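# Descriptive structure summary
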Amino acid sequence: MKPLAIITGVGPGTGASLVRRFHDGGFQVAMLARNAERLEALAKELPDAFALPCDVSDPVALEDALAEAEARGGVPKVVIHNAVGGAFANFLDADPAVLQQNFQVNVMALMHLGRWAAPRMEAAGGGALIVTGNTSSERGRANFAAFAPTKAAQRILAESMARAMGPRGVHVAYLVIDAAIDLEWQRKMNPDKPDDYFCHPDDIAAEVWHLAHQPRSAWSFRAEIRPHREVW
């Protein structure tokens, strides 16, 4: 049986690229996202990928989706938390309920994923849990008040998980994406930027693949990528 990768947040950009990279690398891929139509379209394109429509902020729905993934594909070798809850507003204008919802997606879903996957991976001899993050995990800009705190908490939770599970054979890594990802809405927001200003989803997926396959003697926790046009 092919190894299983579970990927949350399978949208049209990074999520879809992650699915294709792991599928092409010989994995079965369980795809989790709210948009069932998008997942089914990908599943028709990729024979070893299957759709599990799910809102990861709902712990019961997430647990059900994970149980189905295991029933179909066995214990996962790789789990990627790519789902993201975001918002743009300062702390005076942001609805506190939005911050709470983003926390459920970015932090609590990771907590539930880790608690479900890590013991199974350990018992199976090892695995990797990769989180796609960004620079909001390390700084609080004025208009990111309902988002950055959740990404910072996500990064710290991932580090705690890495310290607990690394000695037990489970690699946890956090990928900081310091970039405008090459998506339609980013292009519209940055119409004057050249092509090489943007970070391509396929290249992000390639780095996640690399992190998930590092040798045990040289595991990374925090990795960081940016396009060469990005100002440091």
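Residues numbered from 1 in each chain as written. Predicted model: local features only at pLDDT ≥ 70, side-chain atom pairs only at ≥ 80, totals over all residues. Heavy atoms only, no water.

### Remarks on helix α4 (residues 96-124)
- In this model, α4 (29 residues) spans 41 Å end to end at C-alpha, consistent with the 42 Å of a helix rising 1.5 Å per residue.
- Largest kink in α4: about 35°, centred on Gln-104.
- Along α4, the residues that are buried comprise Asn-102, Val-105, Asn-106, Val-107, Ala-109, Leu-110, Leu-113, Gly-114, Trp-116, Ala-117, Ala-118 and Met-121.
- Buried residues along α4 sit in contact with β1 (4-8), α3 (59-73), β4 (76-81), β5 (127-134), α5 (148-165) and β6 (170-177).
- The residue sitting at the N-terminus of α4 and contributing the capping side-chain oxygen is Asp-95; that oxygen lies 2.9 Å from the backbone nitrogen of Ala-97.
- At the C-terminal side of α4, Gly-125 shows a positive phi close to 105°. (Helix = DSSP H or I, 4+ residues; strand = E, 2+ residues; numbered from the N terminus. Expected span 1.5 Å × (residues − 1). Bend = angle between axes of the 7 residues up to and from the residue. Buried < 20%, exposed > 50% of the residue type's maximum accessible area, 1.4 Å probe, protein only. Contact = heavy atoms within 4.5 Å. Polar contact = N/O pair within 3.5 Å; in protein donor to acceptor, adjacent residues only side chain to side chain.)

### Quick notes on the nonpolar core
- The biggest cluster of nonpolar side chains holds 35 residues, and the ones touching the most others in it are Ile-6, Ala-30, Leu-32 and Leu-62.
- Counting residues per element, the ones that place at least two in this core are β1, β2 (28-33), β3 (49-53), α3, α4, β5, α5 and β6.
- With nine residues, α4 is the largest single contributor of residues to this core.
- By size, the runner-up hydrophobic cluster in this structure holds 34 residues, among which are Val-29, Leu-39, Ile-80 and Ile-204. (Core = buried A, V, L, I, M, F, W, Y, C linked by side-chain atoms within 4.5 Å.)

### Some words on the sheet that holds β4
- Spatial ordering of the open sheet is given by β3-β2-β1-β4-β5-β6-β7, a layout of seven strands whose pairing is parallel. Each of the sheet's edge strands pairs with one partner strand only, and the pair in question is β3 and β7 (222-225). The mean angle between the axes of side-by-side strands here comes to 20°, regardless of whether they run parallel or antiparallel.
- As paired strands, β2 and β3 are joined by five bridges and run parallel to one another. Directly across from Leu-32, in β3, lies its bridge partner Leu-52.
- Contacts between helix α1 (residues 14-24) and the sheet are confined to β1, β2, β3 and β4, with β2 contributing the most and set at about 165° to the helix. (Pairing = 2+ DSSP bridges. Axes fitted to C-alpha atoms, helices over the stretch in contact; angles between N-to-C directions.)

### Considering the packing of α4 against α5
- Look at α4 against α5: their axes get within 9 Å of each other, and the N-to-C directions meet at 10°. For the element pair α4 / α5, the angle class is roughly parallel. Where α4 crosses over α5, the handedness of that crossing is right-handed. Across the interface between the two elements, Leu-99, Asn-102, Phe-103, Asn-106, Val-107, Leu-110, Met-111, Gly-114, Ala-118 and Glu-122 from α4 touch Pro-149, Thr-150, Lys-151, Ala-153, Gln-154, Leu-157, Ala-158, Met-161 and Met-165 from α5.
- In terms of residue class, the contact of α4 with α5 is made up of twelve nonpolar, five polar and two charged. (Parallel < 35°, antiparallel > 145°, perpendicular 65-115°, else oblique. Left-handed = near helix turned anticlockwise from the far one by under 90°. Nonpolar A, V, L, I, M, F, W, Y, C, P; charged D, E, K, R; others polar.)

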